[in-house]
Amino acid sequence: MRSILRYMKGSWKAVCVVILLLIVQAYCDLSLPTYMSNIVDVGIQQNGMDNAVMEQIRTDSLTQLELFMTDEEADIAEAAYGEADAMGIRHVSDALSEEDEEALSDVLCTPMALVYQMSQQGGEGYSLDDIQNALDSGMLAKDQLLDMKNQALEQMGDLSDSTMLQMAVLYMEGEYDAMGVDLGAIRNHYLYTTGGKMIGLTVLGLLVAVIIGMIASRVGAGVGRDLRDKVFARVLQFSSAEMNQFSTASLITRCTNDIQQVQMVCVMILRMMLFAPICAIGGILKVYQTRTGMGWIIVVAVCVIFAVIGTLMRITMPKFKIMQSLVDRLNLISREILTGVMPIRAFSREKREEERFAGANTDLMRTQLFTNRVMNFMMPAMMLTMNSVTVAIIWFGSKGVDMGNLQVGDMMAFITYTMLIVMSFMMITMISIFLPRAGVAADRINEVLETEPVIADRADLTEPEKEWKGEICFDDVTFCYPGASHPAIEHISFTAEPGKTTAIIGSTGCGKSTLLNLIPRLFDVTEGSVKLDGVDIRDLKQETLRKQLGYVPQKGVLFSGDIASNVKFADSDISDEQMELAAEIAQATEFIDSKMDRYHSRIAQGGSNVSGGQKQRLSIARAIAAKPKVFLFDDSFSALDYKTDAALRRALAQHVGDATVIIVAQRISTILHADQIIVLNEGHIDGIGTHEELLAGCDTYREIARSQLSESELKGGGMQ
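The structure contained in this document is the topic of the report that follows. Owing to the predicted nature of the structure, the values given are computational and were not obtained by experimental measurement.

Scoring rules and cut-offs
Residues numbered from 1 in each chain as written. Predicted model: local features only at pLDDT ≥ 70, side-chain atom pairs only at ≥ 80, totals over all residues. Heavy atoms only, no water. Helix = DSSP H or I, 4+ residues; strand = E, 2+ residues; numbered from the N terminus. Rg over C-alpha atoms; globule rule 2.2 N^0.38 Å. Buried < 20%, exposed > 50% of the residue type's maximum accessible area, 1.4 Å probe, protein only. Contact = heavy atoms within 4.5 Å. Areas by Shrake-Rupley, 256 points an atom, 1.4 Å probe, with all protein chains shown as cover. Lys, Arg positive; Asp, Glu negative; His and termini not counted. Charge placed at Lys NZ, Arg CZ, Asp CG, Glu CD. Pairing = 2+ DSSP bridges. Salt bridge = Lys/Arg side-chain N within 4 Å of Asp/Glu carboxyl O. Axes fitted to C-alpha atoms, helices over the stretch in contact; angles between N-to-C directions. Core = buried A, V, L, I, M, F, W, Y, C linked by side-chain atoms within 4.5 Å. Patch = residues over 30% accessible without salt bridge, like charges linked within 9 Å, V, L, I, M, F, W, Y side chains within 5 Å. Polar contact = N/O pair within 3.5 Å; in protein donor to acceptor, adjacent residues only side chain to side chain. Parallel < 35°, antiparallel > 145°, perpendicular 65-115°, else oblique. Left-handed = near helix turned anticlockwise from the far one by under 90°. Nonpolar A, V, L, I, M, F, W, Y, C, P; charged D, E, K, R; others polar. Expected span 1.5 Å × (residues − 1). Bend = angle between axes of the 7 residues up to and from the residue. 1 Å grid on protein atoms, 1.4 Å probe; cavity = no way out; pocket = protein on both sides within 12 Å on 5 of 7 lines; lining within 4 Å. Points joined across faces, edges and corners; volume = space filled by probe spheres on them. Phe/Tyr/Trp six-rings, centres within 6.5 Å; stacked < 30°, edge-to-face > 60°. Lys NZ or Arg CZ within 6 Å of the ring centre and 35° of its normal.

1. A word on the overall build of the chain
For step 1, the next point in the chain: Within the chain, the secondary structure is distributed over 28 helices and 14 strands.
For step 2, the next point in the chain: For 720 residues, the compact-globule estimate of 2.2 N^0.38 gives 27 Å, and the chain exceeds it by more than 25% at 45 Å.
For step 3, the next point in the chain: When the backbone C-alpha atoms are referred to their principal axes, the chain occupies close to 155 × 50 × 50 Å.
For step 4, the next point in the chain: Relative to its full complement of 720 residues, the chain shows a buried share of 47%.
For step 5, the next point in the chain: Put simply, 78% of the contacts in the chain that link residues at least 6 apart link residues at least 24 apart.
For step 6, the next point in the chain: For the chain, the accessible surface area stands at approximately 36900 Å², while carbon and sulfur atoms represent 55% of it.
For step 7, the next point in the chain: Each charge class in the chain can be summarised by its mean position, and for the 62 positive and 90 negative side chains these summaries are 16 Å apart.

Structure representation (structure tokens):
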């Protein structure tokens, strides 16, 4: 979780905007139940009268109400209502503020409820006229009357404020009816006004939700883009050791599936996870304000939800980690099968490979089924909790309504708020399904990002400014692969000079390609040093070093595009003339000219639509077009016929004669006329010299020559 939040750090402004908008959305959602309660309690049950302040009142009625007020309360009532008109009706002042109106409602509510209660008693007890006469005659003091008022309130029982207000509303309805006021108009005005507010809040909430979704999607997409850039940039810095550590299939999974998991969860965090606690806290505050006495139901529901989530997470978390490893394995097998489809068909291994893929696929399916089955318990458990909460609220709330302590609208609002709170925790629950897997994915991504390449430029590196010639010198070089028990090559020393060709030959597995790969720092030497023009290549930036090198790997690699883009791969500024000359030197002109679009002919991914020999020649042309100081050919002529091989070597000698050429070869005919030939045998140098010198003094070279050349060719100096 911490890693995912760190990924969103770069979009903190957007996150802040989302949080503010989520507060607005939560306000809209939390306000609707209150308005719904008001429509039921005030609009329907109280005819739109939400307080005890009447717009107009008869003078006699106000006088009756003042019987049950203190002198201060009576002064407030008198100040609020102006002089009576010709019909004896007094109107409330338009200058009343909200605070004054609330204070006036508190003053009028209890007297109205008492007067209404007395009017319902009929002939029982004292009438209002009797009380007025007793006050006028001095038989009853005002203090005594107020004491009687308090006693009457005690006899009315523990009535809630809302119940008292309802009794006051009944009094106001009688007064309005006596004055000929249309109660339907009052009710409809309140319903339309409140309904309009609800519609406005709904529309506002909808617009805010859409904006939040857009911003969240943009942030999530940005996080995915940045992660892909960072992971890919780090992978490009990896040496072969790091590539072997992760495997290509795993890196592809981390760049795609893992980042997609993180991207999806980022959107869910902004859209749901942040909204859930805001809505839950707001709902709890609203529930507290209703004061229904049923808050314990929410506490029980939340505890049940957390217990369910904790149990399910404890079961599924280990499986999510296994799932990502199984995805890696499935991708690895898929990649092996797809890249090796030709030998699979050649050896009739289709059935076996299908079984291998089916095994990996089934293992992934079983793990997914297990996690899905466990998580499927979550939704029924949540629905059972919600329904149980609803039943409990209705059960206990109906008792409150029956006792007069709770109104129907308040109970409906309480149910809605409780559902919002439970739904908020359900949203967190839904995210908790994805969060563990995204956490595993984030750990795997961080593993790539935090892996420092073994081969890297030093921070304090200062490069010499010089004109490079291209001399390569191996000074007592030893190299051992990571984890290997024995060195691949030991104590290698030689110098490859500009304008000369150095060839490396030996049996399979003797270390020829390893030696060549040390020059561009695909690996770093274990002991000794490799120097370019007398400078240790570890003291050069990799970019500077590799600009001096033209590397042609053992297996030609082409990229999707056309012939021109592949030949100009080193630098897009390479001119067409330079490109065509490179293709001519590499003996690629013949097959290029035979194509309809020539240099704009399409090259499929990996060069799958050209032959092996054509692929090698284009790879060689790519190196030549870059005009390097050093050419590195790693058995790059193996797919060429003898005629093309000889023509290519002659063209190289003619056009790049001032460069250093290092050739790794299996065929003696390719290196026959090299200026020096290095013979490797099990990682050691068995001999260095020309062809004739090695034939005379190196047994290993002599054995190789005899296996490839006839006696006449050996005596005559080999093939031309």
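More follows now that the structure is in view.
2. Observations concerning the sheet that holds strand β4 (residues 489-496)
For step 1, the next point in the chain: Read from one edge of the open sheet, four strands run β4-β3-β6-β7, paired in antiparallel fashion. A single partner strand is all that each edge strand has here, and the edge strands are β4 and β7 (535-536).
For step 2, the next point in the chain: In this sheet, β7 lies alongside strand β6 (residues 527-532) in antiparallel orientation, the contact comprising two bridges. Looking across to β7, one finds that Leu-532 is bridged to Val-535.

3. Structural notes on the pattern of salt bridges
For step 1, the next point in the chain: Under the definition given, this model contains 16 salt bridges.
For step 2, the next point in the chain: Note that Arg-90 and Glu-78 form a salt bridge whose closest N and O atoms lie 2.8 Å from each other. Taken together, the positions of Arg-90 in strand β2 (residues 89-91) and Glu-78 in helix α4 (residues 71-80) put the pair twelve residues apart, joining distant regions of the chain.
For step 3, the next point in the chain: Taking the relative accessible area as the measure of exposure, Arg-90 reaches 10% and is therefore buried.

4. Observations regarding the sheet that holds strand β13 (residues 676-681)
For step 1, the next point in the chain: The sheet built from six strands is open, its strands ordered β8-β11-β12-β5-β13-β14 with mixed pairing. Pairing within the sheet leaves two strands with one partner each, and these edge strands are β8 (549-552) and β14 (684-689). Taken over all neighbouring pairs, the strand axes of this sheet differ in orientation by 15 degrees on average, direction set aside.
For step 2, the next point in the chain: Pairing analysis gives four bridges linking β8 to strand β11 (residues 630-634), with the strands arranged parallel. Its bridge partner lying in β11, Val-552 is registered against Phe-633.

5. A closer look at the nonpolar core
For step 1, the next point in the chain: Ile-4, Val-223, Leu-227, Val-231, Val-262, Ile-393 and Ile-445 are the most contacted members of the largest nonpolar core, which totals 82 residues.
For step 2, the next point in the chain: Ranked by residue count, the leading element in this core is helix α17 (residues 408-449), at 20 residues.
For step 3, the next point in the chain: Discounting residues that sit within four places of it in the chain, Ile-445 has contacts with Tyr-7, Leu-227, Val-231, Arg-254, Asp-258, Ile-259 and Val-262.
For step 4, the next point in the chain: Within the second largest apolar cluster, 50 residues are counted, among which are Ala-503, Ile-585, Ile-624 and Leu-694.

6. A word on a positive patch on the surface
For step 1, the next point in the chain: Side chains of Arg-2, Arg-6, Lys-9 and Lys-230 sit close together on the surface and give a patch of like positive charge.
For step 2, the next point in the chain: Its place among the elements puts Arg-6 in helix α1 (residues 2-7).

7. A word on the side chain of Asn-51
For step 1, the next point in the chain: With respect to the element layout, Asn-51 can be found in the loop between α2 (12-44) and β1 (56-58).
For step 2, the next point in the chain: Residue Asn-51 is classed as buried on the basis of its relative accessible area of 16%.
For step 3, the next point in the chain: Within the structure, Asn-51 has its side chain in polar contact with the backbone nitrogen of Val-53 (distance 3.1 Å).
For step 4, the next point in the chain: Side-chain polar atoms of Asn-51 contact the side chain of Glu-101, separated by 3.1 Å.
For step 5, the next point in the chain: Not counting residues within four places of it along the chain, the set of residues in contact with Asn-51 comprises Glu-101, Ser-105, Leu-165 and Met-172.

8. Section: a negative patch on the surface
For step 1, the next point in the chain: Together, Asp-50, Glu-55, Asp-94, Glu-98, Glu-99, Asp-100, Glu-101, Glu-102 and Asp-106 give the surface a local cluster of negative charge.
For step 2, the next point in the chain: Note that Asp-100 resides in helix α5 (residues 98-120).
For step 3, the next point in the chain: Judged by relative accessible area, Asp-100 falls into the partly exposed class, the value being 39%.

9. Comments concerning the packing of helix α9 (residues 183-237) against helix α11 (residues 248-273)
When two helices pack together, their arrangement is given by the angle between the helix axes and by the axis-to-axis distance.
For step 1, the next point in the chain: With their axes 8 Å apart at the nearest point, α9 and α11 run at an angle of 155 degrees to one another. Judged by the inter-axis angle, α9 sits roughly antiparallel to α11. For the crossing formed where α9 meets α11, the hand is right-handed.
For step 2, the next point in the chain: Here the contact of α9 with α11 is built from residues that sort into 16 nonpolar, five polar and two charged.

10. Observations regarding the environment of Gln-166
For step 1, the next point in the chain: When you line up the elements, Gln-166 lands in helix α8 (residues 161-178).
For step 2, the next point in the chain: Taking the C-alpha atoms as reference, Gln-166 lies 6.6 Å from Gln-46; in sequence the two are 120 residues apart.
For step 3, the next point in the chain: Beyond its immediate sequence surroundings of up to four residues, Gln-166 is in contact with Gln-45, Gln-46 and Gln-407.

11. Quick notes on α2
For step 1, the next point in the chain: Its 33 residues place the ends of α2 47 Å apart at the C-alpha level, agreeing with the 48 Å of an ideal helix rising 1.5 Å per residue.
For step 2, the next point in the chain: Bending of α2 peaks at approximately 30 degrees at the position of Asn-38.

12. What about the layout of surface pockets?
For step 1, the next point in the chain: Taken as a whole, the largest pocket spans an internal volume of roughly 2800 Å³.
For step 2, the next point in the chain: As for the largest pocket, its lining consists of 49 residues, and the residues nearest its centre are Leu-236, Pro-553, Val-557, Phe-559 and Phe-569.
For step 3, the next point in the chain: Broken down by secondary-structure element, the contributors of at least two residues to the lining of the largest pocket are α9, α10 (240-246), α11, α13 (295-339), α19 (542-547), β8 and α23 (612-625).
For step 4, the next point in the chain: Classifying every residue of the lining of the largest pocket by side-chain character gives 24 nonpolar, 13 polar and twelve charged.

13. Focus: the environment of Val-630
For step 1, the next point in the chain: With respect to the secondary-structure elements, Val-630 resides in strand β11.
For step 2, the next point in the chain: Accessibility expressed as a relative area gives 0% for Val-630, which makes it buried.
For step 3, the next point in the chain: For the pair Val-630 and Gly-689, spaced 59 residues apart in sequence, the C-alpha to C-alpha distance is 20 Å.
For step 4, the next point in the chain: Residues within four places of Val-630 in sequence aside, it is in contact with Gly-470, Ile-472, Leu-532, Gln-548, Leu-549, Gly-550 and Thr-660.

14. Brief notes about the environment of Ile-668
For step 1, the next point in the chain: Structurally, the position occupied by Ile-668 is in helix α25 (residues 668-671).
For step 2, the next point in the chain: Beyond its immediate sequence surroundings of up to four residues, Ile-668 is in contact with Ile-505, His-691, Tyr-701, Ile-704, Ala-705, Gln-708 and Leu-709.

15. Concerning the packing of aromatic side chains
For step 1, the next point in the chain: According to the stated counting rule, one finds six aromatic pairs in the structure shown.
For step 2, the next point in the chain: Considering the side-chain rings of Phe-479 and Tyr-481, the 4.8 Å spacing of their centres and the 80 degrees angle between planes classify their relative orientation as edge-to-face.
For step 3, the next point in the chain: Judged by its relative accessible area of 3%, Phe-479 is buried.
For step 4, the next point in the chain: In this structure an aromatic cluster arises from ring pairing among Phe-479, Tyr-481 and Phe-523.
For step 5, the next point in the chain: Of note, Arg-622 hangs over the ring of Phe-569, and the distance from its end group to the ring centre comes to 5.7 Å.

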